[in-house]
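The primary structure of each chain is shown beneath.
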Amino acid sequence: MDFPEALSCPVPILSHDTVQLAHGAGGKLSNEMIDKIFLPRFMNSTLEKMEDQAVLENPGGRIAFSTDTFVVDPIFFPGGDIGDLAINGTVNDIAMSGAIPKYLSVGFILEEGLPFETLHRIVLSMEKAAKLAGVQIVTGDTKVVNRGSCDKLFINTSGFGFVPNGVNISASNLEVGDKILLSGTLADHGMAVMTTREGLSFQSTVESDTAGLNHLVQDMLAVSTNIHALRDPTRGGLATSLNEFSSSSQVGIQLYGDAIPVKENVRGACEILGIDPLYVANEGKLVAIVPPEVADEMLNAMRANEHGKSATIIGEVTDKHPGIVAMQTGLGANRIVDMPVGEQLPRIC
Amino acid sequence: MCLAIPGKLLEIFDENGLKMGNIDFAGSVSKACLEYVPEIEIGQYTIVHAGFALSVLNEEEAKNSFDAWDDLIDRANAEGIEMEKLERPD
Amino acid sequence: MKYLDEFRDPVVAKKILKEIHSVTIQPWVIMEICGGQTHSIIRNGIDQVLPKDIELVHGPGCPVCVTPLEIIDRAIEIAGRSDVIFTSFGDMLRVPGSHKDLFMVRSEGGDVRTVFSPLESLKIARENPDKEVVFFAVGFETTAPGNAMAVAQAAKEGLTNFSELVSHVLVPPAMEALLSSAANRVQGYLAAGHVCTVMGWDEYDPIAKKYKVPIVITGFEPMDVLDGILHTVKQLEAGTHNVENRYARIVEQGGNQPAQSLIKDVFEIANRKWRGIGEIPASGFKIREKYAAFDAELKFSVGDIHTEEPEACISGVILQGLKKPHDCPAFGKECTPQNPLGATMVSSEGACAAYYKYQRILNE
């Protein structure tokens, strides 16, 4: 599929170069912004009706509904931007239920003075991410706030999809003996953002892994609908997701330290900052808990998908130490992988 | 304390009158002050703490460490215990 | 990663471990005085796999942990001022003062920023001439060269809005204080590899001789730590008490001369209070008179500070290696990383935090 890249899709001509308060007031300037910036990129038959709400067909069954707000700083980072995250983040949250994401809403809070060129770039990213995921943006809202009241822009996306019959994925479903599968390398996104922030003097080669994972999940469900649990480990990293599983299901989790994949340059960045990759956000990875008898076939299906090429088994569910996640070190000792306390800060000591 | 890990010096430049370098940590390049390692040359490894290079890694000594550990392995092999020789940082 | 991964090879590590088992005949108590080594030991489970006869005791090697309460409170007071940009390493932000921590100051509107290097603070000072920029200069000798350079550079550039709040502590006086205490049980020491990178090891010879303890300069990777322990045990079994360098790829006997030179120029030795331990004479640095303009303690006259340590916190005895975190009745209950009562639980290298994070189950 061919997508217009920023260079070949020039910024539409508006009456102003930057966002003004009036663009959020609902009048002529608002309409100009919607017509020129948003509509052309998000166009679909529902959106073009421009009603106050989107009326959609309901085939029946269970709905998976999710919302997320994106406030990342910097808004542009290697491998992506806030627009990518906004679409992929909600697509993934829906997809982790086994549902096929279908419809999204987008709410923008724009800071007065934000250049339209910046907004346009982000909207292009959102268009591309939405098309790759196969979701439609069917309704939206924009507000403009005074300079200083928000940091450039914040984006909320909400969305839903329909959960197929027979699929029951939940953090409380873990069973002793289940295998733990990770779709790829850890910490790419969090380190891409951290090393890009001014002041850390990094020439970052680390790229965010932001990606929509719904197609990967569907490939996995095709192998077996009996996936016990799924999560995309964003804030708090893999450690948080696994602790949540372990706590919900009251089982123990045993990880093998050597099995956990981290890219070399990500490791370098983590080492120099004293940050543990287990606690760093990922935006294009998932962790799956599956019964042992389907693990190998599931792994093959994951590796056949572009977002699961480095998929690997990293551990298993155990009846020892329920509620606790433990990891075996190279020396054969076992250490706890606890929930993080607050933000990961670069360590000096 | 004192988190510092070894990285490779890629280039030297001046900033605010201080000798600075770009250090490569497995692909992540970070800036550090080289004032405390005046003898360092491009291609050498150094450990960096809080933005300051503090020592030039002595590659000969690193090899010596491995020699000593290889001895342990040789002795283990002599006792009939299987041990793989480790990869040296050549 | 070159010169890093090779020192984490589990096969060789296990072989060194086996060697430790075979040379250990008597029980020994060994202390490491370096938070980075404590972290490495607990994280890799080294203490779990050593012979039962070897007891590893964790010393006051975490500068975050030993920064006196008065200085934290002072930092909090300064950071709260509207004309100040307060910069600090990340570790310090969560250390509890008498009433709050630097994170809370930030959420109350204070301009508190994490920096990775004192040079970043200088940059902030250059870019914000109308603000006072303060850098929280905490650390052992390893951090001193950087902190000294920042002051010297600020003087060279004629910056008038940069200062450092200094809480530097030194390892050898702390070792002497511990060794001369009647309660001391430690028989051998792992010396901090990166401190020695800066200072060399001449200061340790007289200590080894006087107290008859082997002191082995040790690195941080699993193989380095095991190797350090191995050679300490070998000396203990042989009854020798020498300073031995097992981190020779980085550490030289004389240390880093240019760094020592500039440290001497900017800092002078002073008495320092160690949180939980008390005052140790000549155990820290303060900024010299000639650089007084860059000393935040002088620049910001903070009134009398009344400090309050939580009664339940026994981090003092833990830092001295006299008790373990599990001996504290508050450990894991009122005192957790989310709600720390003392510095050894806050800092990621404090013994209490390390035990809580990595080892809780083993003692349940």
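Rules behind the numbers
- Residues numbered from 1 in each chain as written.
- Chains lettered and ligands numbered in written order.
- Predicted model: local features only at pLDDT ≥ 70, side-chain atom pairs only at ≥ 80, totals over all residues.
- Helix = DSSP H or I, 4+ residues; strand = E, 2+ residues; numbered from the N terminus.
- Rg over C-alpha atoms; globule rule 2.2 N^0.38 Å.
- Buried ≥ 20, exposed ≤ 12 C-beta atoms within 10 Å, placed from the backbone.
- Contact = placed C-beta atoms within 7 Å.
- Core = buried A, V, L, I, M, F, W, Y, C linked by C-beta atoms within 7 Å.
- Nonpolar A, V, L, I, M, F, W, Y, C, P; charged D, E, K, R; others polar.
- Pairing = 2+ DSSP bridges.
- Axes fitted to C-alpha atoms, helices over the stretch in contact; angles between N-to-C directions.
- Domains from an automatic or database assignment.
- pLDDT = per-residue confidence, 0-100.
- Parallel < 35°, antiparallel > 145°, perpendicular 65-115°, else oblique.
- Left-handed = near helix turned anticlockwise from the far one by under 90°.

### Quick word on the overall build of chain A
Stage number 1. What chain A contains, in helices and strands, is eight helices and 14 strands.
Stage number 2. Rg of the C-alpha trace for chain A: 21 Å, near the compact-globule value of 20 Å for 349 residues, within the 12% margin.
Stage number 3. Projected onto its principal axes, the C-alpha coordinates of chain A cover approximately 65 × 55 × 35 Å.
Stage number 4. Here chain A holds 349 residues, and the buried ones make up 52% of them.
Stage number 5. Within chain A, residue pairs in contact and separated by at least 24 positions form 86% of the contacts whose partners lie at least 6 positions apart.

### Let's talk about the overall build of chain B
Stage number 1. When you go through chain B residue by residue, the secondary structure sums to one helix and five strands.
Stage number 2. Secondary structure elements of chain B occur, N-terminal to C-terminal, as β-β-β-β-β-α.
Stage number 3. Across the 90 residues in chain B, those meeting the buried criterion constitute 46%.
Stage number 4. Long-range pairs, those at least 24 residues apart, make up 28% of the contacts in chain B with a sequence separation of at least 6.

### Quick notes on the nonpolar core
Stage number 1. In this structure, A:Leu181 and C:Leu226 are the most contacted members of the largest nonpolar core, which totals 252 residues.
Stage number 2. The element that contributes the greatest number of residues to this core is helix α3 (residues 116-133) of chain A, accounting for nine residues.
Stage number 3. Beyond its immediate stretch of four places on either side in the chain, A:Leu181 contacts A:Ala288, A:Val290, A:Ala295, A:Met298, A:Leu299, A:Met302, A:Ala311 and A:Ile313.

### Looking at the interface of chain C and chain A
Stage number 1. Across the boundary between the two partners, chain C contributes 37 residues, which contact 24 residues of chain A.
Stage number 2. Those elements that provide at least two residues to the side of chain C that touches chain A are α1 (10-23), α2 (35-44), α3 (46-49), α4 (63-66) and α17 (351-359) of chain C.
Stage number 3. Among the residues forming the side of chain C that touches chain A, the class breakdown is 18 nonpolar, 11 polar and eight charged.

### Thoughts on the sheet that holds strand β10 (residues 252-256) of chain A
Residue and element names in this part refer to chain A.
Stage number 1. Taken in spatial order, the seven strands of this open sheet run β9-β11-β7-β12-β10-β13-β14, and their pairing is mixed. Of all the strands in the sheet, just β9 (229-231) and β14 (334-336) have a single pairing partner and so form its edges. Across the sheet, the mean angle separating the axes of adjacent strands is 25° when strand polarity is ignored.
Stage number 2. Relative to strand β12 (residues 312-318), β10 is paired through four bridges, and the arrangement is antiparallel.

### Quick look at the domain arrangement of chain A
How big an interface is tends to be expressed through the accessible area that disappears when the partners come together.
Residue and element names in this part refer to chain A.
Stage number 1. The domain architecture assigned to chain A consists of domain 1 (17-163) and domain 2 (179-336).
Stage number 2. Taking only C-alpha atoms into account, the centre of domain 1 sits 28 Å from that of domain 2.
Stage number 3. Examining the composition of the side of domain 1 that touches domain 2, we find that seven residues originate from one element, helix α2 (residues 82-95), more than from any other.
Stage number 4. Here the residues of the side of domain 1 that touches domain 2 sort into 13 nonpolar, six polar and one charged.

### Side note on the confidence of the model for chain A
Stage number 1. Per-chain confidence: chain A averages 91 in pLDDT, with 94% of residues scoring 70 or above.
Stage number 2. This stretch, residues 1-5 of chain A, has a pLDDT under 50; its non-local contacts, to residues over four places away or in other chains, come to five contacts.

### Looking at α2(C)
Residue and element names in this part refer to chain C.
Stage number 1. With 10 of its 10 residues buried, α2 lies for the most part within the structure.
Stage number 2. Taken together, the buried positions of α2 are occupied by Gly35, Gly36, Gln37, Thr38, His39, Ser40, Ile41, Ile42, Arg43 and Asn44.
Stage number 3. Once α2 ends, the next one or two residues include Gly45, with phi positive near 75°.

### Notes on the confidence of the model for chain B
For residues with low pLDDT, the predicted coordinates do not support detailed interpretation.
Residues and elements named next belong to chain B.
Stage number 1. Per-residue confidence for chain B gives a mean pLDDT of 82; residues scoring 70 or more make up 81%.
Stage number 2. At the low end of the mean pLDDT range in chain B sits helix α1 (residues 59-78), at 78; at the high end sits strand β5 (residues 52-56), at 95.
Stage number 3. Within the model, pLDDT remains below 50 along residues 83-90, and this stretch shows 20 contacts once partners closer than five positions in the same chain are excluded.
Stage number 4. Here the predicted complex scores 0.85 on pTM and 0.88 on ipTM.

### Looking at the environment of C:Glu120
Residues and elements named next belong to chain C.
Stage number 1. Residue position: Glu120 is located in helix α7 (residues 118-127).
Stage number 2. On the basis of neighbour count, Glu120 is assigned to the buried category, with 21 C-beta atoms found within 10 Å.
Stage number 3. Considering only alpha carbons, one finds Glu120 and Phe135, 15 residues apart in sequence, at a separation of 9.6 Å.

### Brief notes about the sheet that holds strand β8 (residues 215-218) of chain C
All names here are of chain C.
Stage number 1. What the five strands build is an open sheet, ordered β2-β1-β7-β8-β9; its pairing is parallel. Two strands lie at the open edges of the sheet, namely β2 (54-58) and β9 (243-245), each paired on one side alone. Between one strand axis and the next, the sheet turns by 25° as a mean value, whatever way the strands run.
Stage number 2. By the bridge criterion, four bridges tie strand β7 (residues 188-192) to β8 in an arrangement that is parallel.

### Side note on the pairing of strand β6 (residues 153-163) of chain A
Residues and elements named next belong to chain A.
Stage number 1. Here nine bridges tie strand β1 (residues 62-70) to β6, and the two strands are oriented antiparallel to one another. In the strand pairing of β6, Ile63 is matched with Phe162.
Stage number 2. Alignment of strand β4 (residues 100-111) against β6, held across 10 bridges, turns out to be antiparallel. Each residue of the ladder has a partner; that of Phe108, found in β6, is Ile155.

### Side note on the pairing of strand β2 (residues 18-25) of chain B
Residue and element names in this part refer to chain B.
Stage number 1. Sheet topology places strand β1 (residues 5-15) next to β2; seven bridges connect them, and they run antiparallel. For Asp14, the partnering residue across the bridge sits in β2 and is Lys19.
Stage number 2. If you look at the hairpin formed by β1 and β2, you'll find two residues sitting between the two strands, and Asn16 has a positive phi there, around 55°.

### What to know about the interface of chain C and chain B
Stage number 1. At the interface, 41 residues of chain C touch 37 residues of chain B.
Stage number 2. Elements supplying a minimum of two residues to the side of chain C that touches chain B: α1, α2, α7, α8 (144-157), α10 (193-199) and α13 (257-266) of chain C.
Stage number 3. Class assignment of the residues belonging to the side of chain C that touches chain B gives a composition of 22 nonpolar, 11 polar and eight charged.

### Focus: the packing of helix α9 (residues 171-179) of chain C against helix α11 (residues 204-211) of chain C
All names here are of chain C.
Stage number 1. Interaxial distance between α9 and α11 falls to 10 Å at its minimum, and their mutual angle equals 10°. Overall, the two elements α9 and α11 adopt an arrangement that is roughly parallel. For the pair α9 and α11, the contacting residues are Pro172, Met175, Glu176 and Leu179 in the first and Tyr204, Ile207 and Tyr211 in the second.

### Some remarks on the packing of helix α4 (residues 188-196) of chain A against helix α7 (residues 264-273) of chain A
Residue and element names in this part refer to chain A.
Stage number 1. Between α4 and α7, the least distance of the axes is 10 Å, while the angle of their chain directions is 55°. As the angle between them shows, α4 and α7 are arranged oblique. Considering only the axes of α4 and α7, their crossing is left-handed. Residues Asp188, Met191 and Thr195 of α4 lie in contact with α7, whose contacting residues are Val266, Ala269 and Cys270.

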